[in-house]
Amino acid sequence: MTAPTLILPDRSHAIASDLRATIGADKVKDDYSTLTAYAVDASIYRMTPKAVVLVETEEDIAATVRYAVQRSIPVTPRAAGTNLTGSAIGSGIILDISRMNRILELNREERWARIQPGIVLAELNKRLARDGLLFGPDPSSGEMCKLGGMLANNSSGPHTLRYGAVKDNVAALRVCLQSGEWLNAKAYGLDDPFCAELLKVHRPLHDLWSLLQDYAALISQKRPTVSKNSCGYNLFGLADGLARGCFDLPKLFVGSEGTLGLFSEATITLVEKPRATLTALIHFHRLEDVGDAVPKLLEFRPSALEVMDANTLNLIGRPKHGIPADAAATLLVELDADDAGIDLRAQAERMTEICRRYRLASDPVMAFDPEQRDQLWKARKALYPTLYRFDPKKKPINFVDDVVVPAERISELIRYLEEFFAGQRVPVAIFGHIGNGNAHIIPLLDVNNQDDFQKMVQGYHEIHQTVLGRFGGSICGEHGDGRVRAEYVKTMFGPELYNLFVRVKQSFDPSGVLNPGIKISDKPFTDHIDYERLSKSCATCAKCNAVCPVYDVFQSEDMSSRGWFEIVTDKNYSYLNSKRVVEACLNCKSCRTACPAGVDVSQLILDRRAEHPNKMAGLIFRFHAQTARFEQFLKLLARYQSIWDRPLMRRLIDRVTKPFMRGLAETARLSPQLVLPRLATRQLRDRYPELIPQGGPAARSPVAYFHGCAANYFDDGVGDAVIAVLRKHGAEPDLPPQRCSGTPIETYGHRALAKEGARVNLASMAGYDKVVTGCASCTLMLKDYPTLFAGEPEQAAAQALAKRVTHISEFVSQSPVKPAMASQQPTKCKVAYHSSCHLRAAGVTKEPRAILRGLPGVEYVEMPDADRCAGGAGTYLVKDFETSQRIVERKRQAIEQSGAEIVATSCPACMIQLRTGLQGTAEVKHVAQLLQEAYDAADR
Ligand SMILES: Cc1cc2nc3c(=O)[nH]c(=O)nc-3n(C[C@H](O)[C@H](O)[C@H](O)COP(=O)(O)OP(=O)(O)OC[C@H]3O[C@@H](n4cnc5c(N)ncnc54)[C@H](O)[C@@H]3O)c2cc1C
Ligand code: SF4
Ligand code: SF4
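Small disclaimer: the values here were computed from a predicted structure and weren't measured.

Each helix and strand counted, the protein has 45 helices and 27 strands in total. Its C-alpha radius of gyration of 30 Å places the protein within 12% of the 30 Å reference for a compact globule of 940 residues. Residue burial in the protein is summarised as follows: out of 940 residues, 62% are buried. Pairs at least 24 apart in sequence give 75% of the contacts found in the protein among residues at least 6 apart. When the accessible area of the protein is evaluated, it comes to approximately 35400 Å², of which 52% is carbon and sulfur surface. Side chains of the protein give 115 positive and 109 negative charges; the mean places of these two sets differ by 4 Å.

Looking at ligand 3, there are 13 residues lining it, with Cys548, Cys585, Cys588, Lys589 and Cys591 nearest. Put simply, the parts of the chain that give the shell around ligand 3 at least two residues each are α22 (549-554), α23 (561-568) and α25 (590-594). Broken down by class, the residue content of the shell around ligand 3 amounts to 8 nonpolar, 4 polar and 1 charged.

Moving on, we come to the sheet that holds strand β3 (residues 75-78). Across the sheet, which stays open at both edges, the 4 strands sit in the order β1-β2-β4-β3 with mixed pairing between neighbours. Where the open sheet ends on each side, the last strands, each with one partner, are β1 (28-29) and β3. Contacting β2 (51-54), β3 and β4 (93-96), helix α3 (residues 58-71) runs over the sheet at an angle of about 165° to β4.

One pair of aromatic rings is described through two measures. These are the centre distance and the angle between the planes. For the coordinates displayed, the defined rule picks out 18 aromatic pairs. With centroids separated by 6.4 Å and ring planes inclined at 20°, the aromatic side chains of Phe399 and Phe525 adopt a geometry described as stacked. Of this pair, Phe399 sits in the loop between β17 (395-396) and β18 (403-404) while Phe525 sits in the loop between α21 (495-508) and α22, and the two are 126 residues apart along the sequence. Take Phe399 and Phe525: they sit in the same class, and that class is buried. Measuring from ring centre to ring centre gives 5.3 Å for Phe623 and Phe630, while their planes differ by 80°; the resulting arrangement is edge-to-face. A residue is classified by how much of its surface remains accessible, and Phe630, at 12% relative accessible area, is buried.

Attention now goes to unusual backbone geometry. Its identity is not glycine, yet Arg301 carries a phi of approximately 50°, on the positive side. Within the fold, Arg301 resides in the loop between α12 (287-298) and β14 (304-309). The exposed category is assigned to Arg301, whose relative accessible area is 72%. Phi at Asn587 takes a positive value of approximately 60°, unusual for a residue other than glycine. Residue position: Asn587 is located in the loop between α24 (575-582) and α25.

Here we take up the site of ligand 2. With respect to spatial proximity, the complete set of residues near ligand 2 consists of Cys538, Ala539, Thr540, Cys541, Ala542, Lys543, Cys544, Cys595, Pro596, Ala597, Val599 and Val601. When atom positions are compared with the pocket grids, ligand 2 is found to occupy the second largest cavity. Looking at the shell around ligand 2 residue by residue, the classes come out as 10 nonpolar, 1 polar and 1 charged.

What follows deals with a positive patch on the surface. Together, Lys320, Lys378, Arg389 and Lys846 make up a region of like positive charge exposed at the surface. Relative to the helices and strands, Lys320 resides in helix α14 (residues 318-321). Overall, Lys320 belongs to the exposed group, its relative accessible area being 60%.

Okay, the packing of helix α7 (residues 193-201) against helix α8 (residues 203-214) next. At a minimum axis distance of 5 Å, the contact between α7 and α8 shows a crossing angle of 110°. Taken together, the axis directions place α7 and α8 in an arrangement best described as roughly perpendicular. Packed against α7, whose contacting residues are Leu198, Leu199 and Val201, the element α8 presents Arg203, Leu205, His206 and Trp209 at the interface. Per-class residue counts for the contact of α7 with α8 are 5 nonpolar, 1 polar and 1 charged.

So, on to the sheet that holds strand β5 (residues 103-107). Here we have 6 strands laid out as an open sheet, ordered β5-β6-β11-β8-β9-β10, and antiparallel in their pairing. Because the sheet does not close on itself, it has two edges, and the strands there are β5 and β10 (246-248). On average, adjacent strands in this sheet sit at an angle of 20° to one another, irrespective of strand direction. When strand β8 (residues 170-176) meets strand β11 (residues 262-269), the two strands line up antiparallel, connected through 6 bridges. Within the sheet, the bridge partner assigned to Leu173 lies in β11 and is Ala266. Helix-sheet contacts for α3 involve β8, β9 (182-189) and β11, and the interaxial angle to β11 is about 135°.

With that settled, consider the nonpolar core. Judged by nonpolar contacts, the single largest core of 169 residues is most densely connected at Leu235, Phe253 and Trp564. The contacts of Trp564, once residues within four sequence positions are left out, are Cys548, Val550, Asp558, Met559, Val581, Ala584, Cys585, Val601 and Ile605. Grouped together as the second largest cluster of nonpolar side chains are 40 residues, Ile808, Val812, Cys829 and Tyr833 included.

Turning to empty space enclosed by the protein, a few remarks are in order. Empty space among the atoms becomes apparent when a probe as large as a water molecule is rolled across them. Considering all chains together, one arrives at 9 cavities of 30 Å³ or more under this definition. Quantified by volume, the largest cavity comes out at close to 790 Å³. As for the largest cavity, its lining consists of 49 residues, of which Thr82, Asn83, Leu84, Ser141 and Asn153 are closest to the centre. Secondary structure elements with two or more residues in the lining of the largest cavity: β3, α5 (147-153), β11, α16 (370-381), α17 (383-386), β19 (428-433) and β20 (438-445). Considering every element that reaches the lining of the largest cavity, the biggest residue donor is α5, with 5 residues.

Attention shifts here to the confidence of the model for the protein. Residues with a pLDDT of 70 or more make up 98% of the protein, whose mean pLDDT is 93. The low-confidence segment residues 1-10 (pLDDT under 50) makes 22 contacts with residues lying over four places distant or belonging to another chain.

The next thing to look at is helix α45 (residues 927-939). Between the first and last C-alpha of α45 there are 19 Å, a value that for 13 residues agrees with the 18 Å anticipated at 1.5 Å per step. Listed as buried for α45 are Val927, Ala928, Gln929, Leu930, Leu931, Gln932, Ala934, Tyr935 and Ala937.

Each value, and the rule that gives it
Residues numbered from 1 in each chain as written. Chains lettered and ligands numbered in written order. Predicted model: local features only at pLDDT ≥ 70, side-chain atom pairs only at ≥ 80, totals over all residues. Heavy atoms only, no water. Helix = DSSP H or I, 4+ residues; strand = E, 2+ residues; numbered from the N terminus. Rg over C-alpha atoms; globule rule 2.2 N^0.38 Å. Buried < 20%, exposed > 50% of the residue type's maximum accessible area, 1.4 Å probe, protein only. Contact = heavy atoms within 4.5 Å. Areas by Shrake-Rupley, 256 points an atom, 1.4 Å probe, with all protein chains shown as cover. Lys, Arg positive; Asp, Glu negative; His and termini not counted. Charge placed at Lys NZ, Arg CZ, Asp CG, Glu CD. Near = heavy atom within 4 Å. Nonpolar A, V, L, I, M, F, W, Y, C, P; charged D, E, K, R; others polar. Pairing = 2+ DSSP bridges. Axes fitted to C-alpha atoms, helices over the stretch in contact; angles between N-to-C directions. Phe/Tyr/Trp six-rings, centres within 6.5 Å; stacked < 30°, edge-to-face > 60°. 1 Å grid on protein atoms, 1.4 Å probe; cavity = no way out; pocket = protein on both sides within 12 Å on 5 of 7 lines; lining within 4 Å. Sits in = over half its atoms within 2 Å of the grid points. Patch = residues over 30% accessible without salt bridge, like charges linked within 9 Å, V, L, I, M, F, W, Y side chains within 5 Å. Salt bridge = Lys/Arg side-chain N within 4 Å of Asp/Glu carboxyl O. Parallel < 35°, antiparallel > 145°, perpendicular 65-115°, else oblique. Core = buried A, V, L, I, M, F, W, Y, C linked by side-chain atoms within 4.5 Å. Points joined across faces, edges and corners; volume = space filled by probe spheres on them. pLDDT = per-residue confidence, 0-100. Expected span 1.5 Å × (residues − 1).

So, in structure tokens, the structure goes:
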């Protein structure tokens, strides 16, 4: 069956205008940036749509579908776009369900929830964890993928061994059929009168029913014999239902990849969260031993059993992950304890004993602590995008990525694959869910090279054929057929059963508009390959979207980190066609911290901004660079702050400065709601003249304090606290001359000016052993000077400085001096930590928490989302106050949930943002201030 004739190009704008008129202007987009961002998912393909609809209600979905059917326009539902098969891109309308992301109902006792499809799996599980529950299926993309995509792909993951795939955990679905009508798809008893009624009302259900009856023998004969399958339509599940006496409709729709109907809701079944878990990492010396050990390990009834072959270990870098050089394969095994009677430590000992009978490359690692366990999983979960680091040209290509064989034959499969790819001289990573016999095979190829392209086509056919013929397996365990496997579905099941699939599709989607080209298609898998993108550095995995605060608020791919990579690296990019999105990034760097492929989207955006420096910001920063005059100006403002900082005056200032602020950004303003810190009439450098080196740059102390702008200009006690803490640790710091580290300047595109200040800083910080910082952004910027001066004469000095930059929390943690501490209050105070993005990007995450945990009188609470951006990001809260407040709302809720009375952090912008967002419900302090208080209390 082929895709229907597509819309004519001259109708493209009409589609968006029609939809705007029906659904609402704010929910429909068709500008260049949006269409570019939505042209990709995590697959190897590209298709540019004509319009994107961000649906918010069932009526939006039905109206879009009705319109698409009337005009024969393909409609592709989309959730997070993390599928690896090209199933969330299309040439017509993309219907993004991300904004429908609520939990509608949760029944703790009966363990089920009614949810909307836009919710991210990790977010759902975080919420469920509060009730001790969990949604079992766990694709490795769980931090970013959404329930709609999981349902439509019948996703599963490492823990399928215990919890099954999505199809095993869904009780009901609300499905919008091609007619625009809604179907409550659940398992109806065959004697239920409602079932008979449904068959009467919905013609496709009637057709399906007849096919199941007429071809029961064929369906039974063609049933895959392996433990996992997501290939084709799940007529087998429906047949099982009939045998149990029910018409099990969710079985048809789960795994149908948006080709039969669109989901607005699902009722999912939940499981109890295990009381304790053990994760074991075992490095085998010989691959054969893995095959032998697997059945023995399965006797422990593990919840997960994962393998990574030798090539995979080489490709991800053995030293980096502590993997022995002679390991031929690594197994990850997880055991759960559901009740107190299960002794995981005893099981760990038994497992170690069994494994030691084989030649191991090192002793098994047994982890019980959640943080340590997460660490063991980290490399495995980010495997695919990590492979992007391997070579600038050869990229991991998903085209035989998801085969299933009988579990006991997995090492035979691995041996076959290693030989096959060695014959082709192609590096390949083989890993996957060994307990289910499900292997992910990711060869690294340069598809722009004709030779490699041929190897891909050859591998596609040969490997799939071998999996089916020699192993009796399936070509698709969990990723879905999409575009990549559609060509092979017929070979997998044979023409007769395939014909049934075609009849099902035609019956549910007679006009062929529902995600055409997916699952049921005779187009070759090489159609629509995105050759240009496959030569770039981004894996399009969307891991960055999961942490991007802008995406969190807008839930639209054109307002996301991954989307921005696509836009700013697109050949048709221009500042004019993309200004809206290029100026929307906070430069929080969360994407850079999260990206397994080593891409820095924020840097690419800064590069683009540097091509168009903001004029107004240039005037401000040039004034700022005249340090003496600027400081006098601030002192003047400080003197009259009690007047201009009154609510009425602030409203007036907001109004009067609006035209001027517009020069910075359309959305920029000085909101009266912004809780500003007190400006200092005597700035930090005035208060500590004894610390300022006189007569030249020669260092007097081994330690310099780079206070940056905020600690100098604000009278908020942060700079004083850093100095007091340093003194307590025996360091009398110098305050050498310094200019703004450069973060805000670069944010507005003024790279030359940022470099000018950076050169001053490089010179004045040169003679110190340690350059201590208190501000998160200064810490990162100073550490990033080597990038700022890449390829320039200053680079060596920048590298030398970067090594010596030490955040105050690192300084304290490394200090041999342990000053006495005491508590100021008689009762314990709950303190949470907000981990500023720039400090995380600088790699400082553990030290501030360790300090807080060690403070007397403090009950440290790890708040949810501690590592998420709060939306301050330098001057963003001025540049776009409204969005910054939408971002901080999530943080406010997290703090409230933690019960913290004090939130500690390290960044002046975060402090302003948190104070503005919290409106006094919790106090906000710098980590150094809390330390100083503890030292002072001990002195009293
Ligand atoms: C790094 C990485 C690791 C991965 N690991 C795994 C893994 O371990 N296991 C696994 O199974 N998969 C894995 N995947 C693949 C992918 O993440 C999953 O299939 C995921 O469930 C897709 O969800 P999504 O929200 O991204 O859906 P999308 O990619 O947006 O869509 C997937 C399909 O669902 C359809 N769809 C979306 N919403 C709806 C709706 N409301 N109604 C009807 N159809 C809809 C789309 O049309 C499309 O066909 C991985 C991907 C990456 C990048
Ligand atoms: S930038 Fe990195 S995290 Fe984001 S989509 Fe690309 S590879 Fe994935
Ligand atoms: S820097 Fe922050 S806002 Fe910008 S793309 Fe990255 S995560 Fe998103």
